Protein chains: 2
Amino acid sequence: MLKLYYGPRTIAVATLIALEEAGAEYEPVRLDMANLQQRTPEYLAINPKGRVPALVTDRGILTETPATLAYIAQTHPDAKLAPFDDPFAFAEVQSFCAYLCSTVHVAHAHKMRGTRWVKESDKAALKAMKANVPNTMSACFSMIEEEMFKGPWVMGSQFTICDPYLFAIASWLEADGVDVTPFPLVMEHRSRMHERDSVKRVMAMQNA
Amino acid sequence: MLKLYYGPRTIAVATLIALEEAGAEYEPVRLDMANLQQRTPEYLAINPKGRVPALVTDRGILTETPATLAYIAQTHPDAKLAPFDDPFAFAEVQSFCAYLCSTVHVAHAHKMRGTRWVKESDKAALKAMKANVPNTMSACFSMIEEEMFKGPWVMGSQFTICDPYLFAIASWLEADGVDVTPFPLVMEHRSRMHERDSVKRVMAMQNA
């Protein structure tokens, strides 16, 4: 059976929702990230990166959200979470996931995780990074709203792994200081996601 | 026919090598990135992100290296550049590509592209980011060397899209101020890549 290590309100929420959408049998394992459980030797033995998600499979452990999402989609084909039989459509899904992981999530991380890039002693640099997060996240979501989002789901009529991934990151916007008014498509998407049973189950899990 | 917009010594080198490995018919289109051709209205109409690579296909334009690489692999199955028929093995490929795009490339970008995250007027923050690049890139390559690289190719005996992707980024190490001595596996891999005809052709192209 699959096992997913996650933290509430982290990017692992995307993988949790995908598991629920797929109807996968899995065990969720919650990490106490406020107390840095992800940095303990026990967890670093599971994921040396000290991050979530980590998806334990019978073949080994997978990390990185684009990989866990596509793996769940490919191993649960009935849920039709990614168009593996159409290389261009699948590449569009991959491109969206790559933009989220390399640009959008990274923009967000400059708020609280600035020490990934500058030394902890560089307080002014950490402050400058944090101060600019509303601008960079707004720019990312303008790109999504205006150039990428097809509607009603990210890729159009078919719900895909892009949807829980966008949802997880869009859930951070207000706390990142972003004015969401210019992003009605993304905001309607977020509301539409909240109506899904998969999302309700994951929200109940993370808020428990 | 495919068309690839690239810049010399950028991450687009990975996609160029994959196209050569696949035996794809394509037209390379070189951008004058020193003069910011990637920011012209003409190019922004092709890729609104103002980045490379952009792969023009008969169905539309693809961006983001993990997506262009997997697309080339899936549409040129004889080259066996990704194990699409083995979900776990494919997820390992995806996980490696996601780590490169979200963590390693991002660490590197803090040297010259700091204005992606702080304002141009924050000179001290830009300097602090740049100064720390040797440390963050070293940490990334320690993770690759010790935890990820299987050898002789990234995923073991089979050459995959992970190889040109790693090669493109590993080519930046010395200029990033990284001491490469602790990474013998990655350095041997880089040398081994230089011996391939695909890489020789791409090196000749970018140095022309």
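Residues numbered from 1 in each chain as written. Chains lettered and ligands numbered in written order. Predicted model: local features only at pLDDT ≥ 70, side-chain atom pairs only at ≥ 80, totals over all residues. Heavy atoms only, no water.

Asks: Whenever I open this one, the domain arrangement of chain A confuses me. Can you help?
Replies: A common way to state how big an interface is: give the accessible area lost once the parts meet. All names here are of chain A. Here the domain parsing of chain A yields domain 1 (2-79 + 201-207) and domain 2 (87-196). Tallying the contact residues gives 15 residues for domain 1 and 15 residues for domain 2. When the two sides are added together, the surface that domain 1 and domain 2 hide from each other amounts to roughly 1,300 Å², 71% of it contributed by carbon and sulfur. It is Ile11, Glu21 and Pro66 that lose the most area in domain 1 upon contact with domain 2, and together they represent 35% of the buried surface on that side. Applying the counting rule to domain 1 against domain 2 returns one salt bridge. A salt bridge links arginine 196 to glutamate 21; the nearest nitrogen and oxygen atoms lie 2.7 Å apart. One can count two residue pairs in polar contact (both at pLDDT 80 or more) joining domain 1 with domain 2. (Domains from an automatic or database assignment. Contact = heavy atoms within 4.5 Å. Buried area = accessible area lost by both parts, 1.4 Å probe. Salt bridge = Lys/Arg side-chain N within 4 Å of Asp/Glu carboxyl O. Polar contact = N/O pair within 3.5 Å; in protein donor to acceptor, adjacent residues only side chain to side chain.)

Asks: Would you take a moment to explain the relation of the copies chain A and chain B for this structure?
Replies: For the pair of chain copies, the relating operation is a rotation around an axis with a shift along it. Under the fitted operation, chain A is carried onto chain B by 0.0 Å of movement along the axis and a turn of 180°, and the coordinates agree to an RMSD of 0.0 Å. Within this description, the copies of the chain are treated as partners about a two-fold rotation axis. With an isologous cut-off of 70% or more, the 100% of interface residues of chain A that recur at the interface of chain B puts this contact in the isologous class. (Least-squares fit on C-alpha atoms with pLDDT ≥ 70 in both.)

Asks: What is the right way to look at the side chain of histidine 105 of chain B in this model?
Replies: Here histidine 105 of chain B lies in helix H4 (residues 87-112). Setting aside anything within four residues of it in sequence, one finds histidine 105 of chain B in contact with Ile11, Leu100, Ile169 and Trp172 of chain B. (Helix = DSSP H or I, 4+ residues; strand = E, 2+ residues; numbered from the N terminus.)

Asks: Would you explain the environment of tyrosine 26 of chain A in this entry?
Replies: All names here are of chain A. Of note, tyrosine 26 is situated in strand S2 (residues 26-30). For tyrosine 26, a relative accessible area of 13% corresponds to the buried category. Sequence separation between tyrosine 26 and leucine 55 is 29 residues, and the spatial gap between their C-alpha atoms is 9.5 Å. Those residues in contact with tyrosine 26 that sit more than four places away from it in its chain are Met1, Leu2, Leu16, Leu19, Glu20 and Met205. In this structure the side chain of tyrosine 26 is engaged in a polar contact, spanning 2.6 Å, whose partner is the side chain of glutamate 20. (Buried < 20%, exposed > 50% of the residue type's maximum accessible area, 1.4 Å probe, protein only.)

Asks: Can you walk me through the packing of helix H1 (residues 12-22) of chain A against helix H9 (residues 197-207) of chain A in this structure?
Replies: The packing of two helices is summarised by the inter-axis angle and the distance between the axes. All names here are of chain A. Orientation of H1 relative to H9, taken along the N-to-C sense of each, is 130°, at an axis distance of 9 Å. As the angle between them shows, H1 and H9 are arranged oblique. The way H1 lies across H9 gives a crossing that is right-handed. Contact residues: Val13, Leu16, Ile17, Glu20 and Glu21 in H1; Ser198, Val199, Arg201, Val202, Met203, Met205 and Gln206 in H9. (Axes fitted to C-alpha atoms, helices over the stretch in contact; angles between N-to-C directions. Parallel < 35°, antiparallel > 145°, perpendicular 65-115°, else oblique. Left-handed = near helix turned anticlockwise from the far one by under 90°.)

Asks: I'm lost on the interface of chain A and chain B in this one. Help?
Replies: Contact with chain A, which involves 46 residues of that partner, is made by 46 residues of chain B. Summed over both sides, the interface of chain A with chain B buries roughly 3,700 Å², with 65% coming from carbon and sulfur. Counting the contacts that link chain A with chain B gives two salt bridges. Arginine 59 of chain B is paired through a salt bridge with aspartate 86 of chain A; the nearest N and O atoms lie 3.1 Å apart. For the interface between chain A and chain B, the tally reads 10 residue pairs in polar contact (both at pLDDT 80 or more). Where the side of chain A that touches chain B is concerned, the elements lending two or more residues are strand S4 (60-63), helix H3 (65-75), helix H4 (87-112), helix H5 (123-131) and helix H6 (133-148) of chain A. Counting residues per element, the side of chain A that touches chain B draws most heavily on H4 of chain A, at 15 residues. The residue makeup of the side of chain A that touches chain B, split by class, is 25 nonpolar, 12 polar and nine charged. (Nonpolar A, V, L, I, M, F, W, Y, C, P; charged D, E, K, R; others polar.)

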